[in-house]
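Remarks on the overall topology
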Amino acid sequence: MLLGDLAELQLELIADAVVERGEALEASVQLVRFAPLVMTAEVDDAAAHVELSVIDGTLRWFCTCAEGRAGAFCAHCVATTLARRRLLVQSACRRTDR
């Protein structure tokens, strides 16, 4: 599976409050690197640095916030996943507009 598929599955396991916080942060995500197996982002004016990757078919994540450093799929990881989704939707819309 690719990063996006695994990250979307992870969203289903996250507490609603964390997802809601991630939704609020989504507009502040700056994607730095975007590839099928790795994505990095700065979130909330670089207050947090997020890295999502796939290693041996497993989603791995890291965030510089306290929750992320403790291993949680934090609101910054959620926001990064949502920003990826938005980017893909926008890209698909542009292709159909041609």
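Now for a quick tour of the structure. Note on numbering: residues in each chain are counted from 1, in written sequence order. Per-residue local features of the predicted model are confined to residues with pLDDT of at least 70, and side-chain atom pairs are confined, for both listing and counting, to 80 or more; whole-chain, interface and lining totals are unaffected and use all residues. Side-chain figures throughout are based on the complete set of non-hydrogen atoms in the structure, without hydrogens or water.

**Notes on the sheet that holds strand 2 (residues 38-43)**
Between any two strands, at least two bridges found by DSSP are needed for them to pair. We count a stretch as a helix when DSSP gives it H or I for four or more residues in a row; a strand needs E for two or more, and each element gets its number in order from the N terminus. Read across the open sheet, the 4 strands follow the order 1-2-3-4; overall the sheet is antiparallel. Two strands in the sheet have a free side with no partner beyond their single neighbour: strand 1 (30-34) and strand 4 (58-63). The mean angle between the axes of side-by-side strands here comes to 15°, regardless of whether they run parallel or antiparallel. On the sheet, helix 1 (residues 3-11) packs against strand 2, strand 3 (48-55) and strand 4 and is oriented at approximately 75° with respect to strand 4. Axes here mean lines fitted to C-alpha atoms, for a helix over just the part in contact, with angles spanning 0 to 180 degrees between N-to-C directions. Pairs of residues are marked as contacts when any of their non-hydrogen atoms sit within 4.5 Å.

**Looking at the side chain of Thr-80**
Along the chain, Thr-80 turns up in helix 4 (residues 75-97). For Thr-80, the contacting residues outside a window of four places in its chain are Val-29, Leu-31, Met-39, Ala-41, Val-43, Val-50 and Leu-52.

**Notes on the environment of Cys-74**
Mapped onto the secondary structure, Cys-74 falls in the loop between helix 3 (66-69) and helix 4. A 1.4 Å probe rolled over the protein chains alone gives each residue an accessible area, and that area as a share of the maximum for its type sets the label: buried under 20%, exposed over 50%, partly exposed in between. Of the residues examined, Cys-74 reaches a relative accessible area of 5% and is grouped as buried. Remark: the alpha-carbon pair of Cys-74 and Val-19, spanning 55 residues in sequence, is separated by 8.5 Å. Excluding its chain neighbours within four sequence positions, the residues that come into contact with Cys-74 are Val-18, Cys-63, Cys-65, Glu-67 and Gly-68.

**Details of helix 2 (residues 16-25)**
Here helix 2 has its buried residues at Val-19, Gly-22 and Leu-25. Here the buried residues of helix 2 occupy an arc of 120° about the axis, which is enough to place them on one side. Exposed residues pointing more than 90 degrees away from the buried face of helix 2 are listed as Asp-16, Ala-17, Glu-20 and Ala-24. Directions drawn from the helix axis to the C-beta atoms are what define this arc.

**What to know about the pairing of strand 2**
Among the 6 residues of strand 2, 5 are classified as buried, and the element is accordingly described as predominantly covered. Bridging between strand 1 and strand 2 involves 4 bridges; their strand directions are antiparallel. Each bridged residue has a counterpart across the sheet, and for Leu-31 the counterpart in strand 2 is Ala-41. Between strand 1 and strand 2, which pair antiparallel one after the other, the connecting turn spans 3 residues. Pairing between strand 2 and strand 3: 6 bridges, direction antiparallel. Considered in strand 3, the bridge of Glu-42 is made with His-49. Connecting the antiparallel pair strand 2 and strand 3 is a turn made up of 4 residues, with Asp-44 showing a positive phi of about 60°.

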